[in-house]
Amino acid sequence: MESGKKKRRTEEENREFNQDWTESFAFICNTDGLPTCLICHEKLAHNKKSNLERHFTTKHTQFPGKYPTGDARKKAVEELQKKKKQSSSMLNNWAQFSDKVSVASFAVSLEIAKRGKPFTDDEYDKDCFIRASEELFRDFKNKAEIMIKIRFAIIC
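The structure presented is a predicted model; accordingly, all values stated were derived computationally and were not measured.

Conventions we followed
Residues numbered from 1 in each chain as written. Predicted model: local features only at pLDDT ≥ 70, side-chain atom pairs only at ≥ 80, totals over all residues. Heavy atoms only, no water. Helix = DSSP H or I, 4+ residues; strand = E, 2+ residues; numbered from the N terminus. Buried < 20%, exposed > 50% of the residue type's maximum accessible area, 1.4 Å probe, protein only. Areas by Shrake-Rupley, 256 points an atom, 1.4 Å probe, with all protein chains shown as cover. 1 Å grid on protein atoms, 1.4 Å probe; cavity = no way out; pocket = protein on both sides within 12 Å on 5 of 7 lines; lining within 4 Å. Points joined across faces, edges and corners; volume = space filled by probe spheres on them. Phe/Tyr/Trp six-rings, centres within 6.5 Å; stacked < 30°, edge-to-face > 60°. Core = buried A, V, L, I, M, F, W, Y, C linked by side-chain atoms within 4.5 Å. Contact = heavy atoms within 4.5 Å. Salt bridge = Lys/Arg side-chain N within 4 Å of Asp/Glu carboxyl O.

**Q** Teacher, can you tell me more about the overall build of the protein chain here?
**A** Along the protein chain, the regular secondary structure elements total 6 helices and 2 strands. In the protein chain, which comprises 156 residues, the proportion classed as buried is 24%. When the accessible area of the protein chain is evaluated, it comes to approximately 11800 Å², of which 54% is carbon and sulfur surface.

As structure tokens, this is what we get:
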């Protein structure tokens, strides 16, 4: 091999995902621009038809027999896309909830830092609970009602 010869890089080839591959090989393009299999969720390194075809024919041998090219395959791929979208939306919901819990935790930590007391004073506990509730229910449509009930429950 010649030392002065440059190696070809696949990033320089400007390969793009072809939408026809979705129905043909059950692949979609993920947010990184890489092809992702709808059946096994494996990501491939490059947008090359031969790579997608090889993956599809070797790892999913029953799929073409079960869903031959045409309407049957189109429906099966659409169903797989719905499942993928649903699972990613569930993950997003969980991440948003997790953020709310973190913000509530920081709000309680701020109350603790302001008072510099151990977590045993009744008024102090109530204030922390109210601050955490404000953060947790921030996006709820009926937040005002919830907060009124919490404040009433704390007073009693």
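**Q** Whenever I open this one, the layout of surface pockets confuses me. Can you help?
**A** Space left empty within the atom packing is revealed by a probe, the size of a water molecule, rolled over the atoms. Computed from the structure, the largest pocket encloses a volume of approximately 180 Å³. Along the walls of the largest pocket sit Ile28, Cys29, Asn30, Thr31, Thr36, Lys43 and Lys84, which together make up its complete lining.

**Q** Sorry, what's going on with the packing of aromatic side chains here?
**A** Each pair of aromatic rings is reported with the distance of its centres and the angle of its planes. The full count for this structure, using the stated rule, is 4 aromatic pairs. Ring geometry for phenylalanine 25 and phenylalanine 56: centres 6.0 Å apart, planes at 65°, overall edge-to-face. Residue phenylalanine 25 is found in helix α1 (residues 20–25), and its partner phenylalanine 56 is found in helix α2 (residues 49–59); the two are separated by 31 residues along the sequence. Each of the two residues, phenylalanine 25 as well as phenylalanine 56, counts as buried. When the centroid spacing of 5.8 Å and the interplanar angle of 80° are considered together, the rings of phenylalanine 56 and phenylalanine 63 count as edge-to-face. Judged by relative accessible area, phenylalanine 56 falls into the buried class, the value being 3%. Residue phenylalanine 63 is classed as buried on the basis of its relative accessible area of 11%. Put simply, the rings of Phe25, Phe56, Phe63 and Tyr67 touch in pairs and so form one group of aromatic residues.

**Q** I would appreciate a short explanation of the nonpolar core in the present structure.
**A** Across soluble globular proteins, nonpolar side chains show a tendency to be buried alongside one another. Ranked by internal contacts, the top residues of the largest apolar core, which has 15 residues, are Phe25, Phe27, Leu52 and Phe63. Those elements that provide at least two residues to this core are α1, β1 (27–29), α2 and α4 (71–115). Ignoring any residue separated from it by four or fewer positions in sequence, one finds phenylalanine 27 in contact with Phe17, Trp21, Thr22, Pro35, Thr36, Cys37, Glu42, Leu44, Leu52 and His55.

**Q** What am I meant to see in the pattern of salt bridges here?
**A** A side chain of one charge can pair with a side chain of the opposite charge when the charged atoms of the two come close. Inspection of the entire model under this criterion finds 5 salt bridges. The partner of arginine 131 in a salt bridge is glutamate 135, with the nearest N and O atoms 3.8 Å apart. Of this pair, arginine 131 and glutamate 135 are both found in helix α5 (residues 122–136), 4 residues apart, which corresponds to roughly one turn of the helix. For glutamate 135, a relative accessible area of 11% gives the class buried. Note that arginine 151 and glutamate 134 form a salt bridge whose closest N and O atoms lie 3.2 Å from each other. Of this pair, arginine 151 sits in helix α6 (residues 143–155) while glutamate 134 is found in helix α5, placing the two residues 17 residues apart along the sequence. Judged by relative accessible area, which is 36%, arginine 151 ranks as partly exposed. Overlapping salt bridges bring together Arg131, Glu134, Glu135, Arg138 and Arg151 as one network.

**Q** What am I meant to see in unusual backbone geometry here?
**A** Peptide bonds are, in most cases, trans, and in most cases residues other than glycine have a negative phi. Positive phi, normally seen in glycine, also occurs at alanine 26, with a value near 60°. Mapped onto the secondary structure, alanine 26 falls in the loop between α1 and β1. Phi angles above zero are rare outside glycine, and histidine 41 is one such case at about 65°. Mapped onto the secondary structure, histidine 41 falls in the loop between β2 (35–37) and α2.

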